[in-house]
Amino acid sequence: QVQLVESGGGLVQPGGSLRLSCAPSGSIFSTYAMGWYRQAPGKQRELVAVIIRGINTKYSDSVKGRFTISGDNAKNTVHLQMDSLKPEDTAVYYCYANVRTSVVSSWRDYWGQGTQVTVSS
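Enquirer: Could you give me a rundown of the side chain of R66, with the residues and numbers involved?
Expert: Relative to the elements of secondary structure, R66 occurs in the loop between β6 (56–59) and β7 (67–72). At a separation of 2.8 Å, a polar atom in the side chain of R66 contacts the main-chain carbonyl oxygen of S62. Setting aside anything within four residues of it in sequence, one finds R66 in contact with Q81, M82, D83, S84, L85, K86 and D89.

Here it is as structure tokens:
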């Protein structure tokens, strides 16, 4: 069983920066994608950024140019550097991974518990 552990959320003023990190506990054989989603109160969960095969990245239009996703393939960790934060970035941020835990297992989605990011003056 894989568990994703997030860290780095908190309260920041508009224009500030935060860095989120996500690391798995449990054995991972192979990773297809890791990334971040977010959910604001009263809204659906949405993709923020994802890194595929440790190479290709995809961002939502709302964070392009402000957020940067990076990954460490050896450690199966993923980070999200968030700059120029806006109040509308306030949400619970969830780490996501699509991995296999062995050579014979199927690809599965895993989610972290979520970390709160609040952008407010």
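Enquirer: Report on the state of the cysteines, specifying residues and quantitative values.
Expert: The full count for this structure, using the stated rule, is 1 disulfide. The partner cysteine of C22 in its disulfide is C95, sulfur to sulfur 2.0 Å. Taking the sign of the torsion about the S-S bond as the criterion, the disulfide between C22 and C95, at about -85°, is left-handed. Of the two residues, C22 sits in strand β3 (residues 18–25) while C95 sits in strand β9 (residues 91–100), which places them 73 residues apart along the sequence. In this structure, C22 and C95 share a single accessibility class: buried.

Enquirer: If you had to explain the pairing of strand β8 (residues 77–82) to someone new, which residues and values would you point to?
Expert: The buried fraction of β8 is high, at 5 of 6 residues. In this structure, β3 lies alongside β8, joined through 5 bridges in antiparallel fashion. Counterpart to S21 in the pairing with β8 is H79. Hairpin connection, β7 to β8: the antiparallel pair is bridged by 4 residues, and N76 has positive phi, about 55°.

Enquirer: How would you explain unusual backbone geometry if you had to name every residue and give the values?
Expert: Of note in the backbone geometry, R53 takes a positive phi value of approximately 55° without being a glycine. Secondary-structure assignment places R53 in the loop between β5 (46–52) and β6.

Enquirer: Please set out the side chain of N76 residue by residue, giving values where relevant.
Expert: Position of N76 relative to the elements: it lies in the loop between β7 and β8. Overall, the relative accessible area of 16% leaves N76 in the buried class. The residues contacting N76, other than those within four sequence positions of it, are C22, P24, I28, T31 and M34.

Parameters and conventions
- Residues numbered from 1 in each chain as written.
- Predicted model: local features only at pLDDT ≥ 70, side-chain atom pairs only at ≥ 80, totals over all residues.
- Heavy atoms only, no water.
- Helix = DSSP H or I, 4+ residues; strand = E, 2+ residues; numbered from the N terminus.
- Polar contact = N/O pair within 3.5 Å; in protein donor to acceptor, adjacent residues only side chain to side chain.
- Contact = heavy atoms within 4.5 Å.
- Disulfide = S-S within 2.5 Å.
- Buried < 20%, exposed > 50% of the residue type's maximum accessible area, 1.4 Å probe, protein only.
- Pairing = 2+ DSSP bridges.

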